[in-house]
Amino acid sequence: MPSKDQYLGCILGLALGDAMGAPYEGGILEQLIWKLIGRTKDGLPRWTDDTQMSIDIAMSLLDNGELNQLDLSTRFANSYKWSRGYGPGTARLLKRIGKGEPWQKASMAIFKNGSFGNGAAMRASILALYFNDNIDRLLSETKRSAEITHSHPLAIEGAILIALTTHLIINHVTIDDIINTLKEHCKSKEFGTQLKIIHAWLSSNHTPSPKEIAKTLGNGMTAQSSVMSSICIAFLHFDKSFSELLSFARSCKGDVDTISAMAGTLWGARNGATTIYSIPIEQRQELEQIAVNLFNQVNYPSPA
Ligand code: F2R
Ligand code: MG
Ligand code: MG
Ligand code: MG
């Protein structure tokens with residue numbers, strides 16, 4: 001049975017990974033901009049689009065009691081702010097939805113065949129917290145939450161892999177069994193090949209360096225160049241501290257906020273929030289309340 005602490009860890013791990021990774025994301029220009037806007041008025045580290053879109057999903061699920069795509073697309077659009085550092089395609093798409101274009105049309109307007117950015121995967125752990133009682137439902141609702149902004153099959157597959165990994169971690173499944181289950185759900189050659197590499201590394205007790213992960217599994221803004229890297233980083237740090245995970249993800253370079261957010265949410269799902277509870281973060285109380293509300297919504301019986 002998952003614990004409330006795992007729910008807190010999952011949400012705080014995501015937001016802290018995002019906020020701590022954001023200063024290192026992108027090139028010199030992005031890093032300079034984040035130096036100027038990366039703190040709240042009170043000096044707290046700000047999170048980015050990764051956490052904002054995760055909050056939007058959580059609030060939409062909690063308020064509607066189901067995944068309502070129209071409500072979620074409206075929330076995504078209403079929450080959009082340039083200062084949260086959205087992906088270039090998603091920023092344009094959300095502005096179109098904000099002007100009244102249906103999400104079904106907007107999501108195909110920016111990239112032919114839809115976006116394969118990592119923007120659907122980075123918010124997918126929330127689905128696992130809400131739909132914990134039925135894996136098939138979890139997978140279909142994750143697809144529905146992804147396709148609002150990311151209709152490309154690779155983006156949807158990336159989101160499903162993060163949601164499924166989160167689900168298995170909160171339900172105390174071992175890394176070996178997680179890898180075996182993920183193998184059944186990898187549809188594409190891209191993710192399938194990467195998973196085999198991770199499996200080979202772990203089976204031979206090889207600890208890849210950040211450079212090796214970036215080169216082999218990727219460190220970019222697409223789902224296929226960041227989801228498996230994040231899962232691998234999380235597995236390598238399950239028995240290490242959150243700050244070691246952050247420093248490893250930072251050394252991978254590239255899309256550091258999102259890789260840290262995805263690895264961080266998986267780490268928190270496994271280790272809970274106890275050791276990360278006191279790290280300063282924007283809107284901590286709101287994040288904690290969301291975690292508690294998601295936990296209560298799933299109606300786990302209280303421990304005897
Ligand atoms: N926006 C950022 N970071 C700013 C630094 C970026 C830097 N200038 C750089 O270019 O490296 N971070 C946020 O964006 C990522 C999430 O992105 P999302 O929501 O998936 O956005 P988008 O634009 O849909 O996809 C990302 C890029 O992937 C490429 N791409 C996607 N689909 C494509 C397709 N069908 N064909 C060709 N290219 C495709 C494009 O380059 C997209 O812009 C997270 O990192 C978040 O933190
Ligand atoms: Mg971001
Ligand atoms: Mg990001
Ligand atoms: Mg990013």
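A quick note: this is a predicted structure, and the numbers were derived from the prediction, not measured.

### Observations concerning the coordination of the magnesium ion (ligand 4)
Geometry sets the ideal angles at a metal, namely 109.5 degrees for four tetrahedral donors and 90 or 180 degrees for six octahedral donors. At 2.0 to 2.3 Å from the magnesium ion (ligand 4) lie its protein donor atoms, namely Glu25 (OE), Asp255 (OD), Asp257 (OD) and Thr258 (OG1). Its six donor atoms give the magnesium ion (ligand 4) angles of 77 to 174 degrees at the centre, a pattern that matches the octahedral case. In the primary structure, the donors to the magnesium ion (ligand 4) are separated according to the pattern E-x229-D-x1-D-T.

### As for a nonpolar patch on the surface
A cluster of nonpolar residues, Leu29, Leu32, Ile33 and Trp82, forms a patch on the protein surface that exposes about 450 Å² of accessible area. Within the fold, Trp82 resides in the loop between α4 (69-79) and α5 (88-98).

### Overview of the packing of aromatic side chains
Tallied over the entire structure, the rule returns five aromatic pairs. Taking 5.2 Å as the distance between ring centres and 80 degrees as the angle between the ring planes, the aromatic pair formed by Tyr7 and Phe295 counts as edge-to-face. Highlighted residues: Tyr7 in helix α1 (residues 4-21) and Phe295 in helix α16 (residues 284-297), separated in sequence by 288 residues. Per residue, the accessibility class of Tyr7 equals that of Phe295, and both read buried. The positively charged end of Arg284 is found above the aromatic ring belonging to Tyr277, 5.5 Å away from the centroid.

### Focus on the coordination of the magnesium ion (ligand 2)
Taken together, the protein donors to the magnesium ion (ligand 2) comprise Thr48 (OG1), Asp49 (OD), Asp50 (OD) and Asp257 (OD), at separations of 2.1 to 2.2 Å. Along the chain, the residues donating to the magnesium ion (ligand 2) fall in the pattern T-D-D-x206-D. Separation of the magnesium ion (ligand 2) from the magnesium ion (ligand 3) amounts to 2.3 Å, with Asp50 serving as a shared donor to the pair. You'll find Asp49 and Asp50 in the same group, each marked buried.

### Some thoughts on the packing of helix α8 (residues 135-146) against helix α9 (residues 153-170)
The geometry of α8 relative to α9 is characterised by a closest axis approach of 9 Å and an angle of 140 degrees between their N-to-C directions. Here α8 lies oblique to α9, going by the angle between them. Relative to α9, the crossing made by α8 is right-handed. Packed against α8, whose contacting residues are Ile135, Leu138, Leu139, Thr142, Lys143 and Ala146, the element α9 presents Ile156, Ala159, Ile160, Ala163, Leu164 and His167 at the interface. Here the residues of the contact of α8 with α9 are counted per class, giving nine nonpolar, two polar and one charged.

The rules behind each value
Residues numbered from 1 in each chain as written. Chains lettered and ligands numbered in written order. Predicted model: local features only at pLDDT ≥ 70, side-chain atom pairs only at ≥ 80, totals over all residues. Heavy atoms only, no water. Donors = N, O, S within 2.8 Å, 3.2 Å for Na, K, Ca; no water. Tetrahedral: all angles 85-135°; square planar, octahedral: opposite > 155°, others 65-115°. Patch = residues over 30% accessible without salt bridge, like charges linked within 9 Å, V, L, I, M, F, W, Y side chains within 5 Å. Areas by Shrake-Rupley, 256 points an atom, 1.4 Å probe, with all protein chains shown as cover. Salt bridge = Lys/Arg side-chain N within 4 Å of Asp/Glu carboxyl O. Helix = DSSP H or I, 4+ residues; strand = E, 2+ residues; numbered from the N terminus. Phe/Tyr/Trp six-rings, centres within 6.5 Å; stacked < 30°, edge-to-face > 60°. Buried < 20%, exposed > 50% of the residue type's maximum accessible area, 1.4 Å probe, protein only. Lys NZ or Arg CZ within 6 Å of the ring centre and 35° of its normal. Axes fitted to C-alpha atoms, helices over the stretch in contact; angles between N-to-C directions. Parallel < 35°, antiparallel > 145°, perpendicular 65-115°, else oblique. Left-handed = near helix turned anticlockwise from the far one by under 90°. Contact = heavy atoms within 4.5 Å. Nonpolar A, V, L, I, M, F, W, Y, C, P; charged D, E, K, R; others polar.

Without other data, these values stay purely geometric and don't point to any function.
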